[in-house]
Amino acid sequence: MPEQPGYDGAAAAWVGAGDLEGVIGMRVLVSVDMEGIAGVVHSDDIRPGHSEYERNRNLLTAEVNAAVRGIHAYQADAQVLVTEAHAEFRNLLPELLDRRAELLRGTPKPGGMMAGLAADMDAALFIGYHGKAGMPRSVMAHTISGRVIADVRCNGRSLGELGLNTALAAHHGVPPVLVSGDDTVAAEAAAVAPGIRCVVVKHALGARAAALLHPDEACDRIEREVPMALADRQDVRPLRFDGPVQLEVQVLRPQMTEQALLVPGMEREDGCTLRYAAPDFPTAYQVTELIATLGAI
Ligand SMILES: [Zn+2]
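Just so it is clear, the model here is predicted, and its values are computed rather than measured.

### Points about the pairing of strand β11 (residues 209-212)
Bridge count between strand β10 (residues 197-206) and β11: four bridges; the pairing is antiparallel. Residue pairing for β11: His203 is matched across the bridge by Ala211. Hairpin connection of β10 to β11: two residues between the antiparallel strands.

### Comments concerning the environment of Phe89
Topologically, Phe89 is positioned in the loop between β4 (79-84) and β5 (101-104). According to the relative accessible area criterion, Phe89 is buried, its value standing at 10%. Sequence separation of Phe89 and Val30 is 59 residues, and the distance between their C-alpha atoms is 13 Å. The contacts of Phe89, once residues within four sequence positions are left out, are Glu84, Arg105, Gly106, Thr107, Lys109, Gly112 and Met113.

### Focus: the sheet that holds β11
Strand order across the open sheet formed by seven strands is β5-β4-β3-β6-β9-β10-β11, with mixed pairing between neighbours. In the strand order of this sheet, the two ends are held by β5 and β11, each with one partner. Each strand axis lies, on average, 25° off the axis of its neighbour in the sheet, ignoring direction. Note that strand β9 (residues 176-182) and β10 share five bridges and pair parallel. For Asp182, the partnering residue across the bridge sits in β10 and is Lys202. In the packing of helix α2 (residues 161-171) onto the sheet, the strands contacted are β6 (123-129) and β9, and the crossing angle to β6 comes to about 170°. The strands touched by helix α3 (residues 183-192) within the sheet are β6, β9 and β10, with β10 carrying the most contacts at an inclination of about 130°.

Basis of the calculations
- Residues numbered from 1 in each chain as written.
- Predicted model: local features only at pLDDT ≥ 70, side-chain atom pairs only at ≥ 80, totals over all residues.
- Heavy atoms only, no water.
- Pairing = 2+ DSSP bridges.
- Helix = DSSP H or I, 4+ residues; strand = E, 2+ residues; numbered from the N terminus.
- Buried < 20%, exposed > 50% of the residue type's maximum accessible area, 1.4 Å probe, protein only.
- Contact = heavy atoms within 4.5 Å.
- Axes fitted to C-alpha atoms, helices over the stretch in contact; angles between N-to-C directions.

The structure is reproduced here in structure tokens:
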């Protein structure tokens, strides 16, 4: 255990102040994607290196800061861990991030989009999330990799990034309490985690079009909603997978299965679908990430 709150790389787990003698504070994980923030509708808006992306990093950081303020409004000594979950995991502007939050940045990082998740955390929040692959009228909908994955199913249940990540949190006993994004990810959230609070920052008109809240209004709504979400955290009933998981990952083209089929235990179900019998949900989650990585080679 490190002497100070922080990320314990050796243990691959975040050790917050709550673990330290004499210090008590709730611990909250904030996973931050980008497609679902107010103001962005097009892949250029979120593509590192593009001028629009550079501008939108400010909006992204502002939405996360709104969430951090909301957490501290609920509990002043809360420990907040912000974990990046978009592109190369280097999107937030660290110098503009609320200084009360700790940031997990860079790739690859153990745990990926949910790096830092630990069983003794009190809640998980999802900022800037988007709809799953194949969802119609959904801003930039995809699952993990829009260039590789068509669908992910766990025990027959189709899950996008939100569903995978809320189920991973639930597996560790951490309630997923709030998601922000467009109205389609809010609909998805209601199905995978009934009771979760949703902040709809834009109404999708299509894959690359939306009716947007002003970014400041989006931040105000996030800040307002977070304390209520934390207060009601025991009311969320997320989908969880406690036993073995039959994983099916459908890719876009048959050749995208070929590298993944080198993994022992991986089977081909049909031309574009891989099947893997995972002993538990975290393994299914990791294998899904592996398939996305190998499919892009
Ligand atoms: Zn994403």
